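In case you want the letters, here they are:
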Amino acid sequence: MEDKSFALYCSVQSQLDEVCDALKLDAGTKAYIRQPQKELTVSVPVKMDDGTTRVFTGFRIQHNNACGPYKGGIRFHPEETVNTVRCLATWMTLKCSVAGLPLGGGKGGIVCNPKEMSVGELERLSRSYIRQIWPLVGPDQDIPAPDVYTNPQIIAWMMDEYSAIKGYGNPGMITGKPIPVGGSAGRGDATSRGGVYTIIEAARHLKIDLKGAKVAIQGYGNAGSFAAILLSEEAGCTIVAVSDSKGGICNQNGLNAREVVAYKKKTGSVAGFPGSQPLSNAELLELGVDILLPAALEGVITMENASNIKATIIGELANGPTSAEANEALHQRGVLVIPDILCNAGGVSVSYFEWVQGLYHFWWNEAEVRTKLAEVMTNAFRSVLEMSLKHQVSLRKAAYMVAVSRVAEAMKLRGWV
Ligand code: GLU
């Protein structure tokens with residue numbers, strides 16, 4: 001796993017190098033933007049329910065703050081590595097830049113398996129992690145948020161621990177909070193809603209009718225399940241297949257997204273949903289659909305399966321699901337891949353709104369949040385599409401070009417390079 005994540009990090013760095021060269025940026029900018037500014041590794045002791053103490057490894061990596069404070073989620077995952085967190089931190093810098101947010105990029109992670117931990121253990125883990133990283137985070141410094149296997153409850157504990165250390169309430173130090181403790185309306189489905197706005201724009205560009213379009217979704221957590229609901233209920237798509245870490249399900253006549261959510265809540269997985277046929281995660285990616293949404297983990301679309309993918313649009317709700325080589329191969333075949341730093345930027349955009357509301361102690365309603373989110377996502381999509389058409393490159397390369405040029409300009413204006 002370590003090697004795989006190191007290879008991923010090297011690939012992210014070479015993609016950045018390529019983009020810096022294409023933009024004719026100077027050597028100093030290229031050298032600075034390809035690596036994180038700060039990295040912290042911490043040991044996180046936790047008293048377990050059986051009375052023993054376990055020490056987990058955690059990270060907080062701050063990639064670049066030229067455009068504003070570092071921003072990015074915290075993942076709890078058994079296969080987390082420092083290199084994965086480096087990639088994710090880099091993507092946050094690029095994501096905030098593509099979305100035009102006054103924020104930089106960072107990411108955190110703890111190597112743990114939350115599925116095997118009790119609620120009490122998870123609370124102690126969350127609080128202990130904050131006790132290790134608190135000097136580096138804060139509303140003007142670095143603002144964490146949820147990511148894979150972290151949720152609003154975990155964020156509430158982290159905010160509470162930080163506030164206890166500082167001695168006063170701190171809603172602006174973290175986003176993705178539950179609404180009663182300073183969360184924003186519309187944060188829950190923001191990643192998916194933002195992704196759906198980019199899919200609508202992509203379909204308009206390709207002149208595809210979304211009504212009746214077939215969709216397959218890998219991953220049925222927050223991003224995947226809300227995407228299924230929004231695409232079926234608001235865009236008229238047919239969800240033919242979904243999956244999670246335990247397996248997948250398929251029904252060519254369409255799955256009811258909300259019923260699948262309820263079934264997963266009850267049984268712990270989408271697998272075995274009544275009236276569906278089973279299929280594997282690998283099979284799901286290669287189904288004959290119009291839209292494919294990888295909404296789980298990184299590294300699932302590679303040169304091994306890229307040529308078997310039949311979708312016309314791939315919307316990357318997950319971070320890093322497609323390798324650089326597979327992205328180019330898909331682009332050559334005419335598949336429109338909406339890259340992660342654009343497709344899933346809705347989450348951090350509403351996090352930005354939540355941060356602003358927290359700083360002002362002034363709250364917006366859901367309709368206001370949605371209007372602002374639609375504006376951010378539509379503008380971001382259009383500037384990336386324009387760049388891609390102008391330079392005849394994939395949307396991913398174009399998104400990197402838009403993002404890196406903005407960050408590079410900020411670095412230059414600040415006098416860093
Ligand atoms: N974890 C999400 C992402 O990768 C959201 C980050 C945030 O809200 O700061 O974009």
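That block above? That's the structure.
These remarks concern the structure in this document. (Residues numbered from 1 in each chain as written. Predicted model: local features only at pLDDT ≥ 70, side-chain atom pairs only at ≥ 80, totals over all residues. Heavy atoms only, no water.)

**A look at the overall build of the chain**
Here is step 1: Each helix and strand counted, the chain has 14 helices and 12 strands in total.
Here is step 2: Computed over its C-alpha atoms, the radius of gyration of the chain comes to 20 Å, within 12% of the 22 Å expected for a compact globule of 417 residues.
Here is step 3: Along the first, second and third principal axes, the C-alpha set of the chain runs to 55 × 55 × 45 Å.
Here is step 4: In the chain, once contacts between residues fewer than 6 apart in sequence are set aside, the share between residues at least 24 apart is 69%.
Here is step 5: Taken as a whole, the chain presents about 16700 Å² of accessible surface, with 53% of it coming from carbon and sulfur. (Helix = DSSP H or I, 4+ residues; strand = E, 2+ residues; numbered from the N terminus. Rg over C-alpha atoms; globule rule 2.2 N^0.38 Å. Contact = heavy atoms within 4.5 Å. Areas by Shrake-Rupley, 256 points an atom, 1.4 Å probe, with all protein chains shown as cover.)

**Some words on the pattern of salt bridges**
Here is step 1: In total, this model carries 23 salt bridges according to the counting rule given.
Here is step 2: Across the salt bridge formed by Glu233 and Arg258, the nearest N and O atoms sit 2.6 Å from each other. Placement of Glu233 in helix α7 (residues 222-233) and of Arg258 in helix α8 (residues 257-267) is noted, with a sequence separation of 25 residues between them.
Here is step 3: Judged by relative accessible area, which is 47%, Arg258 ranks as partly exposed.
Here is step 4: One continuous salt-bridge network, built from bridges that share partners, spans Glu123, Arg127, Arg131, Asp160 and Glu161. (Salt bridge = Lys/Arg side-chain N within 4 Å of Asp/Glu carboxyl O. Buried < 20%, exposed > 50% of the residue type's maximum accessible area, 1.4 Å probe, protein only.)

**So, the sheet that holds strand β5 (residues 142-146)**
Here is step 1: Taken in spatial order, the five strands of this open sheet run β1-β2-β4-β3-β5, and their pairing is mixed. Here the strands that pair on one side only, and so sit at the sheet edges, are β1 (38-47) and β5. Between one strand axis and the next, the sheet turns through 25° on average, direction left out of account.
Here is step 2: Of the pairings in the sheet, the one linking β1 to strand β2 (residues 53-64) comprises 10 bridges and is antiparallel in character. Residue Lys47 lies in a different strand from β2, and its bridge partner there is Thr53.
Here is step 3: Set on the sheet, helix α3 (residues 82-98) makes contact with β1, β2, β3 (70-77) and β4 (105-111); between it and β4 the angle comes to about 150°. (Pairing = 2+ DSSP bridges. Axes fitted to C-alpha atoms, helices over the stretch in contact; angles between N-to-C directions.)

**Considering the nonpolar core**
Here is step 1: Formed by 65 residues in total, the largest nonpolar core has its most connected members in Ile217, Leu231, Val242, Leu293 and Ile338.
Here is step 2: Non-local contacts of Ile338, meaning those with residues more than four positions away in its chain, are made with Thr198, Ile199, Ala202, Ile313, Ile314, Gly315, Glu316, Cys343, Phe381 and Leu395.
Here is step 3: Grouped together as the second largest cluster of nonpolar side chains are 24 residues, Val42, Met117, Leu125 and Met158 included. (Core = buried A, V, L, I, M, F, W, Y, C linked by side-chain atoms within 4.5 Å.)

**Points about the state of the cysteines**
Here is step 1: The final tally for this structure, using the stated rule, is zero disulfides.
Here is step 2: Not engaged in a disulfide, the cysteine Cys250 finds its nearest cysteine sulfur in Cys237; these two sulfurs lie 16 Å apart.
Here is step 3: Here Cys343 stays free of any disulfide, with the sulfur of Cys237 as its closest cysteine sulfur at 13 Å.
Here is step 4: With relative accessibility at 0%, the residue Cys343 sits in the buried group. (Disulfide = S-S within 2.5 Å.)

**Quick notes on the packing of helix α6 (residues 190-206) against helix α12 (residues 345-360)**
Here is step 1: Two numbers describe how α6 lies on α12: the axes approach to 6 Å, and their chain directions differ by 120°. Taken together, α6 and α12 sit at an angle that is classed as oblique. When the axes of α6 and α12 are compared, the crossing they make is right-handed. Contact with α6, carried on its side by Ala190, Thr191 and Gly194, involves Gly346, Gly347 and Val350 of α12 and no other residues of that element. (Parallel < 35°, antiparallel > 145°, perpendicular 65-115°, else oblique. Left-handed = near helix turned anticlockwise from the far one by under 90°.)

**A look at the site of the ligand**
Here is step 1: In the vicinity of the ligand, 14 residues are found, and the nearest of them are Lys71, Lys95, Pro146, Asp147 and Ser351.
Here is step 2: Here an oxygen atom of the ligand sits 3.1 Å away from a polar atom, N or O, in the side chain of Arg187.
Here is step 3: Out of a free accessible area of 300 Å², the ligand has 94% covered by protein chains.
Here is step 4: When residues of the shell around the ligand are traced back to their parent elements, those giving at least two are β3, α3, β5 and α12.
Here is step 5: Grouping the constituent residues of the shell around the ligand by class yields four nonpolar, five polar and five charged. (Near = heavy atom within 4 Å. Polar contact = N/O pair within 3.5 Å; in protein donor to acceptor, adjacent residues only side chain to side chain. Nonpolar A, V, L, I, M, F, W, Y, C, P; charged D, E, K, R; others polar.)

**With respect to the packing of aromatic side chains**
Here is step 1: Evaluated as defined, the whole model comprises five aromatic pairs.
Here is step 2: Where Tyr263 meets Phe273, the ring centres are 5.5 Å apart and the plane angle is 80°; that geometry is what we call edge-to-face. Of this pair, Tyr263 sits in helix α8 while Phe273 sits in the loop between α8 and β9 (277-279), and the two are 10 residues apart along the sequence. Here Tyr263 and Phe273 have matching classes, each one buried.
Here is step 3: Summarising the aromatic geometry, the rings of Tyr352 and Trp355 are spaced 6.2 Å apart at their centres and angled 45° between planes, so their arrangement reads as tilted. Of this pair, Tyr352 and Trp355 are both found in helix α12, three residues apart, which corresponds to roughly one turn of the helix.
Here is step 4: The rings of Tyr352, Phe353, Trp355 and Trp364 are connected pair by pair, giving a single aromatic cluster.
Here is step 5: Positioned above the aromatic ring of Trp364 is the side chain of Lys372, whose terminal nitrogen or guanidinium carbon lies 4.8 Å from the ring centre. (Phe/Tyr/Trp six-rings, centres within 6.5 Å; stacked < 30°, edge-to-face > 60°. Lys NZ or Arg CZ within 6 Å of the ring centre and 35° of its normal.)

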